[in-house]
Structures are given as C-alpha cells and as structure tokens.
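As a plain string of letters, each chain reads:
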Amino acid sequence: MNQQPGTSGLIFNEPNLWDKSRKGRCAMSLPGQDVDRTELDASLTGDAPELPQLSELDVARHYTRLSQWNFGVDSGMYPLGSCTMKYNPKTNEVQAARQGFAAAHPFAGDEFSQGALKLMFNLEQYLAAITGFDAVTLQPAAGAHGELAGMLMIYAYHAKSGKQRSKIIIPDTAHGTNPASATLCGYESVNIKSGENGILDPGAVAAVMDEDTAGIMVTNPNTLGLFESNIRQIADIVHSKGGLVYGDGANMNAIMGVVKPGELGIDVLHLNLHKTFSTPHGGGGPGSGPVAVVKTLEPFLPIPRILKELDSYKFVTDCPDTIGRLHTFYGHFGVMIKAYSYILSMGAKGLSEASKLAVLNANYVKESLKGTLNLPYDLPCMHECVFNDEFQKEHHITTMDMAKRLLDYGFHPPTVYFPLVVEGAFMVEPTETESKEDIDQFIDAVKAIAKEAGEDPEKLKKAPLLTKVTRLDEVTAARKPCLRG
C-alpha cells in the first residue's frame, strides 16, 4: 500500500477491503456444530462467494479508521516502547460486559459473589503458573501500585526477621517508578550502571550489596529491551547477603510462556494485566498490577486473600503478617475479566507464541531501521528496541521532531527520551499483534522522515502539520497549562 501523509481519514491512505485481503486470514471463529450435518438441496448451492479474507484486527481497524479521527490502537500502530500497547481482542470486551460481571456490587458479600470470586481465584492460579511463583494477589490497581505492594512485602519481611535494612539497589535500566516505590518504603536508592552491552554486571551488584541492603529491583527484560542474562548470578549474590530480589514484570510480554521469573531467583514480581494480558492501556487507566511471590513472602500478601473451600470461595482476612489492605475494595475487576478471557482464549501455546512474535517483530524493526537511526546497543533485543537521533543531529533534527512528524504519517509516536541511559532515545515496541504489512508501513514512514530531515528539516520542526492540533509551545504548555475542556 502506498502511504502518503495526510491523504484521508486518520491520515492513512486507507485501501479498500480487497486490497487488504490476504489468503488464509479469518476474522471469526464459528462454534462447533451441535446438529448432524445435512447436505443442502442442489438448487441452494453454487460457487462460494468470493469475499475478502481479513483478520479481526484488519476489519476493526478499517471501520474504525473510517469512523473517527481519534488515535487509538484500533485505528493504528501504537509503538510506545515499554508500554506494550497491544490490540485487545473484542471477545475480551464482550466477556467483561456480561451483566453478571458488569453489574456485580462489591458489597454483595461472598455468598452472592461466587462467580466473581471463582474468576479471581482461577486468575491467581493461572498467573502463578505462568510466572512460576507460589502465590498471587490481584489487589494492586496499577503497575506502580504493584511495585509498592512488592516493596512493602520486602520491608515487612525484613522487619519480621528482626533487622530492618535501609537501602535498595536500582540499576539505570530499571523502570522510572522503581526509585519512588522504594522511597515510599523508607529505602535509599543505590543506583548502579549497566555494563557496556546494556546488561547488569554481577560484579557491580556484588560491589554494593551488603547486610544493610534490602535487595535489588530488576526490570527484566530491561528498558533497553535486553534480557538480563546474569539474573541467576545476581540473585545468588543478593540472597547470599540476606537480601531479596524484586522483579519488575512490566515487560513480561517478551517472555510470557517462555521464561518463568520465579525460577530465576526472583522473590516478588509485579505484572501489568493492562499491558501483557491485553487490556486497553493509557489515558490514566484502568490498570491492574498483580503481584506474585515465593512461599517465603506469601504470609505478607495484602488482605483480603481469596480462599477456596470445597466448591465455594470466600475472602479471608485472618493473616497476621499481612501488609494490610491496599485500597477499599479488590482491584479493578473489569481488567481482571479481560485478562482471564485473554488467557483462556490464547491457551498455553498461544501465550508462548505471542511472546515469540513480539520478539520477532521488535528485532525486525531493529534490523530494518538500524541504518536509518542510530542503534546504541546493536544486540538481539526482546520486545522493544531503542534508537536515538545521532544521525539526524547534523541537520539539527531531534527525536522529538521525528516523533511529531510520525503523526502526519498516521502513527502514534514511540516513547521518546527514555530510557535515560540513551541520549535522545527513540524507543519502539511493535508488539505481537502487528502484521508485517503494518510494521513495514511504520518502517517506511521512519525512513521517509529521516530523508526529510536532510532535505526539508523545517517541515519536521513544524510537525505535526496535518493533525487537528499542530505543534504546541511545550514550554508554555508546561508553565501555563490549560485545565479547562
């Protein structure tokens, strides 16, 4: 498909359905038949109609693009690195909208909430199996909330042991919220740099790990999109000094169904259901950040816990070592339903395949663009790859200029200026739900923008030119925000 900025609709030159058709794609699944097969009368049969062959994603995006100008994952690629803005299959929304779930009330009591409690209990079991941990809580309402819950349990563990500690190790490739979560628990952050290849050096961890350090917060895969291959050795170093390992599982989309963090020496891990498990994400919510723990930390999980007795389920609060309640009720239930639906519909094989395709797509982007944008860490990546604007500096074009111009080509910009270890970072995560055709469009757009940087840099400095709102004065917007709709 030839793509020109600003042609029509959401700035894509939207083709007709025949042009989008690819043999073998199908947008629906028919239920198994429950009646005997009967041949139709010959007068009713003939050649099968020739119809476009499209995936559910193709159909949803086509009609969404024609119907609105707002940008969302249903209308175009959302390559926000570290955010995993993947497509959410419509069946998940259908399940969450079912009356029995949507109309459930948190004050109904256990007796009248058996369906909801069973779903949450089963979801905990599935997440424990996927991650390799002994127990899970669904309470945290977002990723950062899950981080806080994990750090509170580490704090409670050390307090129970009789000697509280004062420090926590945080690598420069960890997620930006990690230091805040540690600080809220009274810990001082000890920052360490990753090695030249973007991977943590066990020696750097050993140099700062002591009996006054509560543990380490590791993001794996890290924010450079690289797998921390030394994680077992690092965990051994931390454990040898009595510390614990917190795993930031926000990037689980790269290893779901392939690697179990609980088998790598990690003690506590948070997940983002609103990322890895395919619930829409962004715009302030809703989120869900379950936390998985090893047996040692299970007594410290927040209350209420969900307990199964025979064939019934109930909340229990008689847990003397618990960190307590995290909020009034029990997490964002609607997000849990969508995640549960996603896991059941994908199955173990599907979850593993999703991770493999996410890694494949990210490496395809990396290899396709590494001559166009500078690639500081030219290594096989996981779910995302990180470029920067080094090649465009001679034309006085920045990462922000290129990101703004992408809007004119119909793509949401990638994450920019993060992680901080890469100056001028341009961070791309295509996710597994993007087809090769869509990724190729994105690659072509970035290449076209890089060409424009040399031929017409002023166009990029003024971009976006075709959106309803064009380039903002970001300094004034930050200093004098307009808070009225």
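This structure is a prediction, so every number in the text was calculated from the model and none was measured.

S.K.: So what exactly am I meant to see when it comes to the overall build of the chain here?
M.R.: From N to C terminus, the chain includes 14 helices and twelve strands. Here the C-alpha radius of gyration of the chain, 24 Å, is about what a compact globule of 485 residues would show, namely 23 Å. Considering only C-alpha atoms, the chain reaches an extent of 75 × 70 × 45 Å along its principal axes. Across the 485 residues of the chain, 50% fall into the buried class. For the chain, contacts bridging at least 24 residues in sequence account for 70% of all contacts bridging at least 6. When the accessible surface of the chain is split by element, carbon and sulfur atoms take 54% of a total near 22,800 Å². Computed over 44 positive and 57 negative side-chain charges, the separation of the two mean positions in the chain equals 3 Å.

S.K.: How should I be thinking about the pairing of strand β8 (residues 305-309) in this particular structure?
M.R.: Consecutive residues of a regular strand have side chains that alternate between opposite faces of the sheet. Across five bridges, β8 lies against strand β9 (residues 312-316) in antiparallel orientation. Note that in β9 the partner of Lys308 across the bridge is Tyr313. Counted along the chain from β8 to the antiparallel partner β9, the turn is two residues long, and its residue Leu310 has a positive phi close to 55 degrees.

S.K.: I'm lost on the pattern of salt bridges in this one. Help?
M.R.: Side chains bearing opposite charge may pair, as long as their charged atoms lie close to each other. Scanning all chains against the criterion turns up 27 salt bridges. One salt bridge in this structure joins Arg22 and Glu437, with 3.4 Å as the shortest N-O distance. Pair noted here: Arg22 is in the loop between α1 (17-20) and α2 (56-67) and Glu437 is in helix α12 (residues 436-455), with a separation of 415 residues, a long-range link. Classification of Glu437 as partly exposed rests on a relative accessible area of 29%.

S.K.: Even after reading the chapter, I still don't get the sheet that holds strand β10 (residues 385-387), so can you show me in this structure?
M.R.: Paired through their backbone hydrogen bonds, the strands of a sheet run either parallel or antiparallel. Taken together, three strands build an open sheet; the order of strands is β10-β12-β11 and the sheet is antiparallel. Of all strands in the sheet, those with a lone pairing partner are β10 and β11 (415-416), marking the two edges. Here β11 pairs with strand β12 (residues 426-428) via two bridges, running antiparallel. Each residue of the ladder has a partner; that of Val416, found in β12, is Phe426. On the sheet, helix α10 (residues 333-369) packs against β10 and β12 and is oriented at approximately 25 degrees with respect to β10. Of the strands in this sheet, β11 and β12 are in contact with helix α11 (residues 399-408), which crosses β12 at around 45 degrees.

S.K.: Is there a simple way to explain the packing of aromatic side chains in this structure?
M.R.: For any pair of aromatic rings, geometry is given as the distance between the ring centres together with the angle between the planes. By the definition in use, this model includes nine aromatic pairs. Considering the side-chain rings of Phe101 and Phe333, the 5.7 Å spacing of their centres and the 75 degrees angle between planes classify their relative orientation as edge-to-face. Here Phe333 lies in helix α10 and Phe101 lies in helix α4 (residues 99-102), a separation of 232 residues in the sequence.

S.K.: Teacher, can you tell me more about the confidence of the model for the chain here?
M.R.: Detailed reading of the predicted model is not advised wherever pLDDT is low. Mean pLDDT for the chain: 92, with 95% of residues reaching 70 or above. Note on residues 6-10: pLDDT under 50 across the span, and 15 contacts to partners over four residues away in sequence or across chains.

S.K.: What is the right way to read the state of the cysteines from this model?
M.R.: Linking two cysteines covalently through their sulfur atoms gives a disulfide. Counted according to the given criterion, the structure contains zero disulfides. The closest cysteine sulfur to the non-disulfide-bonded Cys385 is located on Cys381, 5.0 Å from its own sulfur.

S.K.: Explain helix α5 (residues 114-131) to me, please; I cannot follow it from the model alone.
M.R.: Because each turn of an α-helix spans 3.6 residues, side chains separated by three or four positions end up pointing in the same direction. With 18 residues, α5 should cover 26 Å at 1.5 Å per step; its first-to-last C-alpha distance of 26 Å lies within 8% of that length. Those residues of α5 lying buried are Ala116, Leu117, Leu119, Met120, Phe121, Asn122, Leu123, Glu124, Leu127, Ala128, Ile130 and Thr131. Gly132 occupies a position one or two residues after α5 and carries a positive phi of about 85 degrees.

S.K.: Help me out: how do you make sense of the sheet that holds strand β4 (residues 213-219) in this one?
M.R.: With respect to topology, seven strands assemble into an open sheet ordered β1-β7-β6-β5-β4-β2-β3, the strand pairing being mixed. At either margin of the open sheet sits one strand with a lone partner, and together these are β1 (135-137) and β3 (188-192). Going across the sheet, the axis of each strand differs from the next one's by a mean of 20 degrees, ignoring polarity. As defined by bridge partners, β4 adjoins strand β5 (residues 244-248) across five bridges and the pair is classed as parallel. Considered in β5, the bridge of Ile216 is made with Val245.

S.K.: How do you make sense of the pairing of β3 when you look at a structure like this?
M.R.: Taken together, the five bridges between strand β2 (residues 167-171) and β3 define a ladder with parallel strand orientation. Looking at the pairing, Ile169 lines up with Val190 of β3. You can see the chain leave β2, run along helix α7 (residues 178-184) and come back into β3, and the turn it takes is right-handed.

Scoring rules and cut-offs
Residues numbered from 1 in each chain as written. Predicted model: local features only at pLDDT ≥ 70, side-chain atom pairs only at ≥ 80, totals over all residues. Heavy atoms only, no water. Helix = DSSP H or I, 4+ residues; strand = E, 2+ residues; numbered from the N terminus. Rg over C-alpha atoms; globule rule 2.2 N^0.38 Å. Buried < 20%, exposed > 50% of the residue type's maximum accessible area, 1.4 Å probe, protein only. Contact = heavy atoms within 4.5 Å. Areas by Shrake-Rupley, 256 points an atom, 1.4 Å probe, with all protein chains shown as cover. Lys, Arg positive; Asp, Glu negative; His and termini not counted. Charge placed at Lys NZ, Arg CZ, Asp CG, Glu CD. Pairing = 2+ DSSP bridges. Salt bridge = Lys/Arg side-chain N within 4 Å of Asp/Glu carboxyl O. Axes fitted to C-alpha atoms, helices over the stretch in contact; angles between N-to-C directions. Phe/Tyr/Trp six-rings, centres within 6.5 Å; stacked < 30°, edge-to-face > 60°. pLDDT = per-residue confidence, 0-100. Disulfide = S-S within 2.5 Å. Expected span 1.5 Å × (residues − 1). Right-handed = clockwise from strand over helix to strand, strands pointing away.

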